[in-house]
Amino acid sequence: MTDQAVHTGGPAPSAGAVDGGGAAGVLLGRRRELDRLRDDVERAGLDTLSGRSSSRCRVLLVAGRPGSGRTALAEEFARRVAADYPDGILRARLSDPDGTPVPTERTARDLLRALAAARGTAGGPAAVPPAGAGDAELAEALRAALADRRALLLLDDVAAPEQLHGLLPDSRGCLVLAVSRGPLTGIPDVRPRTLEGLDAAAAVALLEQWAGDTPRVTVDPRAAESLAEACGGRPAALVLVGGWLAAHPMASVAEAARRFVGLPDDLPGGAADDAHAPEDASGRVPGGHPGSLPGGLPGPARTALPGPRTRPAPVARPLVRAFHLVHGSLPPSAARFLRLLALAPAGLADAHTAAALAGCRADEAAATLEAFTGLGLLRTTATPGLYAVPGCLAPVLAAVLEERERPEDVRLARARALERSVRLLRSCRAAAEPPGSPARRAAAELPRALRFESRAAAAAWLGPRMPGLRAAARTAVADGELDTLARRLAAALAGALTAHLGSEAAAFELYRFHELLLPVTERRGLHGERAAILLDLGDLDTHAGRPHRALTRYRAALEAARADGGRGGDRSAAAAARAMESLGDTYAHLGDDRRAGDWYGRALALCQTRGEPAGEARLHGLIGAAQLREGRWEEALRAWRACAAACRRLRDGEAYARALEEVAGVQEYAGRTEEARRTRRRALRWGRPGAAHGDGGAERGVGDGARSRPAVARWMLEGAPRTTKSGSWPAK
């Protein structure tokens, strides 16, 4: 969520979106800053001035505290220069609402997916590295995707220069517009523009814009100027005060100013407000001048204190005062509703989320959310019905929530929101299932407000809420007391994504959720569930071409299955067998057939103990294929004969015929041509022609046989065993 916008032409586009510029809005009092940003784009860089060629893009920086309108300025500048960048504008936020830096891999992948979506099918999913890719691989893919393009990257709320290094394109045709609190040291040739408070005229105009239709600001200009000065020219504070005036049409501007200056400027519990941190020991505000207070108002320089401070010195905090003004005027139920919005995941809330948090009806929550936008407490987003908490208010809401609400009530509210999300996700998945499916029948029992009319409606709901759903899962895991809900939410989210996107497109999200749940399974002693998650992660690593990481996953899954002991019953044994077989497959892929055969043999012994004939047949075939690649003809022949016998016991005629063909192939490699012909005639009798081998099979080289794939054995028993009713078991 970006800072409090000063636009009047609608909300800024959502993070991660690609467009060619938004609708024109009105930005108050920032003409000089916009002109200087334009000059910075056209000005020659340091490399050019020194005679060196540079392949890196130009980086502009809008520096300012949260609530200063820094994001609104960046958005307006992006809108003005959009025509110069025909490949669009990419937006991403690099910090979560709680201030946690967003990992580079998440940002890079989101930008790559936005690029792929903007380009349609051309280079789409193939341009995005597979699930589990690291920062370096994703950053390289992003640079490659932007190499021949002219795009503008608007990176909001940058917490540290390190976040930018992996995201800077190598193309000089691209422009990076970063928004941060302070300077970004270490970024070459960055052009910073420090943003302070609005000038008096712009501040009064913004106050009048939000104060409603009554001419109170016009008739009392001195009081308006005094109030704007008390707000430090800070747009976020001015918007809140203007919203208060709009909600109190009988109050004068002078009364608002008196109330404002009489309110406390500290957060509950003495917590520091990042949006209004004081100047350093020299009296300098980051981005300001020596001896200045927040918002650019003149103030006396402070004497440096000896030694480091353990706590910032108290200073005026106009945003905190403005929040107290609005919060204190709300009815108790509305004030509590507002405080609980601090729990909105990723700062996003709709009627369902807010109703679950506050314990009220969805229609009441929708009306309250809309009312809060008029007070400047929430922003609308590009998605109708979805609201965002301004980033500058997030720490204020969190501090007030901690002081006013009991921890058990906070956890209960979060649990209600998680439960509502689980039910909505299950309904979202059901909308993508065929009619009459179990998921559809279960969704039919949900209240009408939680059901989706169509698959398209469910997909339209899911997409914009993914940042909030991811944040909800992370918060639930970090809580430590909501592990059951965290597991249910992750499972429901994985099901909905797979149903709407397909397993291939959803692989990255699935990988992320699997890794997120691993600490939960460990601290709760859920060894069986841990084994299943590790097996899935190993499969995703294998599919992505990371066999050595997959080996580590499969070994950990085997240890977890063994640790589960008898508690998991047959599921633990099945997970152990699956891990052993997967280890064998991975070693076979790496060309280590000796180890592959060893792990297949262990899995076979476990399948025989469990009485699983289908698994026995498959593993006999895998062992035979591994031994064939090693040139051990006799051992391979025994394994394939055992496979054929197991298939016959299963009464699977097609698999039996295929196994006989493999037996014939091994006999040919061993030089037993006559035996191979007899075996192939048997295979023909059981209904599978030997066209794949032909009469010239005896002439094939041994090297060709060594390349026999384990997939041959796996193909035979991919589905359930066929019976005589299916017609696949021929009569004698």
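Remember, predicted model here, so these are calculated numbers, not experimental data.

Reading the values: rules and limits
- Residues numbered from 1 in each chain as written.
- Predicted model: local features only at pLDDT ≥ 70, side-chain atom pairs only at ≥ 80, totals over all residues.
- Heavy atoms only, no water.
- Helix = DSSP H or I, 4+ residues; strand = E, 2+ residues; numbered from the N terminus.
- Buried < 20%, exposed > 50% of the residue type's maximum accessible area, 1.4 Å probe, protein only.
- Contact = heavy atoms within 4.5 Å.
- Areas by Shrake-Rupley, 256 points an atom, 1.4 Å probe, with all protein chains shown as cover.
- Polar contact = N/O pair within 3.5 Å; in protein donor to acceptor, adjacent residues only side chain to side chain.
- Axes fitted to C-alpha atoms, helices over the stretch in contact; angles between N-to-C directions.
- Parallel < 35°, antiparallel > 145°, perpendicular 65-115°, else oblique.
- Nonpolar A, V, L, I, M, F, W, Y, C, P; charged D, E, K, R; others polar.
- Disulfide = S-S within 2.5 Å.
- Left-handed = near helix turned anticlockwise from the far one by under 90°.
- Core = buried A, V, L, I, M, F, W, Y, C linked by side-chain atoms within 4.5 Å.
- Pairing = 2+ DSSP bridges.

Participant: Help me understand the overall build of the protein in this model?
Facilitator: Looking only at helices and strands, one finds 31 helices and nine strands in the protein. Burial statistics for the protein: of 732 residues in total, 51% are counted as buried. Here the analysis covers contacts within the protein between residues at least 6 apart in sequence; of these, 70% occur between residues at least 24 apart. Accessible surface, the protein: about 32,200 Å² in total, of which carbon and sulfur atoms supply 53%.

Participant: Teacher, can you tell me more about the side chain of Arg 546 here?
Facilitator: Inspection of the secondary structure assignment puts Arg 546 in the loop between helix H22 (527-543) and helix H23 (547-564). Polar side-chain contacts of Arg 546 include one of 2.3 Å to the backbone oxygen of Ala 131. Aside from chain neighbours lying at most four places away, what touches Arg 546 is Pro 130, Ala 131, Gly 132, Ala 133, Tyr 511, Leu 540 and Asp 541.

Participant: Can you help me understand the packing of helix H28 (residues 653-669) against helix H29 (residues 673-685) in this one?
Facilitator: Packed helices, taken two at a time, are described by the angle between their axes plus the distance between the axes. Two elements in contact, H28 and H29, have axes separated by 8 Å at closest approach and are oriented at 170°. On the basis of the axis angle, H28 is roughly antiparallel to H29. Contacts from Tyr 656, Ala 657, Leu 660, Glu 661, Val 663, Ala 664, Gly 665, Gln 667 and Glu 668 in H28 reach Glu 675, Ala 676, Thr 679, Arg 680, Arg 682 and Ala 683 in H29. Class assignment of the residues belonging to the contact of H28 with H29 gives a composition of seven nonpolar, three polar and five charged.

Participant: How do you make sense of the state of the cysteines when you look at a structure like this?
Facilitator: Each disulfide consists of a covalent bond between the sulfur atoms of two cysteine residues. One pass over the full model with this rule turns up zero disulfides. In this structure Cys 174 is a free cysteine whose sulfur lies 6.5 Å from that of Cys 57, the closest cysteine sulfur available.

Participant: Please clarify how the packing of helix H10 (residues 235-247) against helix H11 (residues 253-261) should be interpreted in this entry.
Facilitator: Where H10 meets H11, the closest approach of the two axes is 11 Å, and the angle between their N-to-C directions is 125°. Of the possible angle classes, the one that applies to H10 and H11 is oblique. In the crossing of H10 with H11, the sense of the turn from one axis to the other is right-handed. For the pair formed by H10 and H11, the contact residues are Val 241, Trp 244 and Leu 245 on the first element and Val 253, Ala 256, Arg 259 and Phe 260 on the second. Tallied by class, the residues present in the contact of H10 with H11 amount to six nonpolar, no polar and one charged.

Participant: What is the right way to look at the nonpolar core in this model?
Facilitator: Note on soluble globular proteins: their nonpolar side chains tend to be buried together. Leu 425, Leu 462 and Leu 493 are the most contacted members of the largest nonpolar core, which totals 72 residues. Core analysis: the second largest hydrophobic core is formed by 58 residues, Leu 28, Leu 325, Ala 335 and Leu 369 among them.

Participant: Explain the sheet that holds strand S8 (residues 379-380) to me, please; I cannot follow it from the model alone.
Facilitator: Within a sheet, adjacent strands bond to each other through the backbone by hydrogen bonds, running parallel or antiparallel. Spatially, three strands are ordered S7-S9-S8 in an open sheet, and the strand pairing comes out antiparallel. Edge positions in the sheet fall to strand S7 (348-349) and S8, since each has one partner strand and no second. As paired elements, S8 and strand S9 (residues 387-388) share two bridges and run antiparallel to each other. What sits directly across from Thr 380, in S9, is Tyr 387.

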